[in-house]
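Okay, here's what each chain looks like letter by letter:
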Amino acid sequence: MSLNDLFTEIILDHYQHPHNHGLIPNPTYSSRGFNESCGDDVQVSVLIKNGIIADARFSGAGCSISQASASIMTDLVKGKSIEEAKKLASRFYDMVKGTEGEYGEEMGDAISLQGVAKFPVRVKCATLGWHTLEEAFAKNDGPNSSEETK
Ligand code: ZN
């Protein structure tokens, strides 16, 4: 398997036409993450309404894997609770690190990143968006966090 096999159509499509691109003006949570080994830069913002991720967006620059993975991540977490999003993040880490398991429909387009497991140096690219999302949740000083309703 060559590195080019990683660049499947799904990844390239998300890279060239990213979903949920941009930033939410008044996000509940936001954070910015860097992957210095590759030069990837991802900024993630999330809007929580009634305990559910009503909107998730990202912007940034970097390799196709980092940007496509962030695009896929924003698609997957919308409509989920924070706890569900965190569970999905840990499933995603397992998948790209090559942990044995069944990775089915709940992974959505993220399945296209399964091949990253064969390239440990690119795992950080694939996980950047998800780690940045979790870092955003970990900050409890989101500008609108006091308005969050459960
Ligand atoms: Zn990268």
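See above for the structure.
Here goes a summary of the coordinates provided. (Residues numbered from 1 in each chain as written. Predicted model: local features only at pLDDT ≥ 70, side-chain atom pairs only at ≥ 80, totals over all residues. Heavy atoms only, no water.)

To continue, consider the nonpolar core. Side chains that are nonpolar tend, in soluble globular proteins, to be buried together. If you look at the biggest cluster of nonpolar residues, it comprises 38 residues, and the most contacted ones within it are Val46, Phe92, Trp130 and Leu133. Apart from the residues within four sequence positions on either side, leucine 133 is in contact with Val44, Val46, Met73, Val77 and Ala85. (Core = buried A, V, L, I, M, F, W, Y, C linked by side-chain atoms within 4.5 Å. Buried < 20%, exposed > 50% of the residue type's maximum accessible area, 1.4 Å probe, protein only. Contact = heavy atoms within 4.5 Å.)

Reading across the sheet, the three strands line up as E1-E2-E3 and stay open at both edges, with antiparallel pairing between neighbours. Bordering the open sheet on either side are strand E1 (29–35) and strand E3 (52–61), each of which pairs with just one other strand. This sheet shows a mean twist of 15° between the axes of neighbouring strands, independent of strand direction. With seven bridges joining them, E1 and strand E2 (residues 40–49) adopt antiparallel strand pairing. In the sheet register, asparagine 35 faces E2, and the bridge partner there is aspartate 40. Against the sheet, helix H2 (residues 64–77) makes contact with E2 and E3, and its axis sits at roughly 170° relative to E3, the strand it touches most. (Pairing = 2+ DSSP bridges. Helix = DSSP H or I, 4+ residues; strand = E, 2+ residues; numbered from the N terminus. Axes fitted to C-alpha atoms, helices over the stretch in contact; angles between N-to-C directions.)

What follows deals with the coordination of the zinc ion. Bound to the zinc ion on the protein side are Cys38 (SG), Asp40 (OD), Asp40 (OD), Cys63 (SG) and Cys125 (SG), at distances that span 2.1 to 2.8 Å. Between consecutive donors of the zinc ion, the numbers of intervening residues give the motif C-x1-D-x22-C-x61-C. Here the residue aspartate 40 occupies a position in strand E2, and cysteine 63 occupies one in the loop between E3 and H2, the gap between them amounting to 23 residues. Neither residue differs from the other here; aspartate 40 and cysteine 63 are each classed as buried. (Donors = N, O, S within 2.8 Å, 3.2 Å for Na, K, Ca; no water.)

This next bit is on a negative patch on the surface. A contiguous patch of negative charge, built from Glu9, Asp13, Asp75 and Asp109, is present on the exposed surface. As for its position among the elements, aspartate 13 is in helix H1 (residues 9–16). (Patch = residues over 30% accessible without salt bridge, like charges linked within 9 Å, V, L, I, M, F, W, Y side chains within 5 Å. Areas by Shrake-Rupley, 256 points an atom, 1.4 Å probe, with all protein chains shown as cover. Salt bridge = Lys/Arg side-chain N within 4 Å of Asp/Glu carboxyl O. Lys, Arg positive; Asp, Glu negative; His and termini not counted. Charge placed at Lys NZ, Arg CZ, Asp CG, Glu CD.)

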